[in-house]
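Observations on chain architecture
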Amino acid sequence: MNIDSIKNGVVLDHIKAGRGMQIYDYLNLSALDCPVAIIKNVPSKKMGKKDIIKIDADIDINFDTLGYIDPDITVNLIRDSKVEKIRLALPEEIRGILQCKNPRCITSTEQELPQIFKLADKERRIYRCLYCESAAKE
Ligand code: ZN
């Protein structure tokens, strides 16, 4: 694939150097059968070095997942060669990414309950379980 000529696809830019693989895993990009490129250690004026992920298909990205991992990533959605830039933010609520580690939490006995975490402290990026208020640990 010529990575500079994506007509329909997604480019994740300004990924902290070294985190490209982690984001690849989080977004489950290995399940795609379209071309996906991870470009590591790209020189960046702003960041020194950065990673970039290019996906040559118009896939749905979960912006909440991505914003939780790193709100500084820039998402470029490319449709018919036109680029739309999306700024991420820390999501107020995340579902299905974190699991509550508290053994006494209702989610450990009621397995069908969705795992929901709320942003409790924006500065320190702390999320707490909706049910028992345990802080999430990575
Ligand atoms: Zn809990």
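Whatever comes next refers back to the structure up there.
Notes on the structure in this doc start here. (Residues numbered from 1 in each chain as written. Predicted model: local features only at pLDDT ≥ 70, side-chain atom pairs only at ≥ 80, totals over all residues. Heavy atoms only, no water.)

Looking at the metal site, the zinc ion is ligated by Cys100 (SG), Cys105 (SG), Cys129 (SG) and Cys132 (SG), spaced 2.2 to 2.3 Å from it. Around the zinc ion sit 4 donor atoms; with metal-centred angles ranging over 101 to 113 degrees, the donor geometry is tetrahedral. Read in sequence order, the donor residues for the zinc ion give the motif C-x4-C-x23-C-x2-C. Highlighted residues: Cys100 in the loop between strand E6 (93–95) and helix H3 (106–109) and Cys129 in strand E8 (residues 126–129), separated in sequence by 29 residues. The class for Cys129 is buried, based on a relative accessible area of 2%. (Donors = N, O, S within 2.8 Å, 3.2 Å for Na, K, Ca; no water. Tetrahedral: all angles 85-135°; square planar, octahedral: opposite > 155°, others 65-115°. Helix = DSSP H or I, 4+ residues; strand = E, 2+ residues; numbered from the N terminus. Buried < 20%, exposed > 50% of the residue type's maximum accessible area, 1.4 Å probe, protein only.)

A few words on the packing of aromatic side chains. Scanning the entire structure with this criterion turns up 1 aromatic pair. Ring geometry for Tyr68 versus Tyr127: centroids 5.3 Å apart, planes at 80 degrees, classification edge-to-face. Residue Tyr68 is found in helix H2 (residues 63–69), and its partner Tyr127 is found in strand E8; the two are separated by 59 residues along the sequence. (Phe/Tyr/Trp six-rings, centres within 6.5 Å; stacked < 30°, edge-to-face > 60°.)

On to the sheet that holds strand E4 (residues 74–79), then. Spatial ordering of the open sheet is given by E2-E3-E1-E4-E5, a layout of 5 strands whose pairing is antiparallel. Here the strands that pair on one side only, and so sit at the sheet edges, are strand E2 (36–44) and strand E5 (82–87). Recorded for the sheet is a direction-independent mean angle of 20 degrees between the axes of neighbouring strands. Strand direction decides the pairing type here: strand E1 (residues 9–16) and E4, joined by 5 bridges, are antiparallel. By the bridge assignment, Val10 is partnered in E4 with Leu77. (Pairing = 2+ DSSP bridges. Axes fitted to C-alpha atoms, helices over the stretch in contact; angles between N-to-C directions.)

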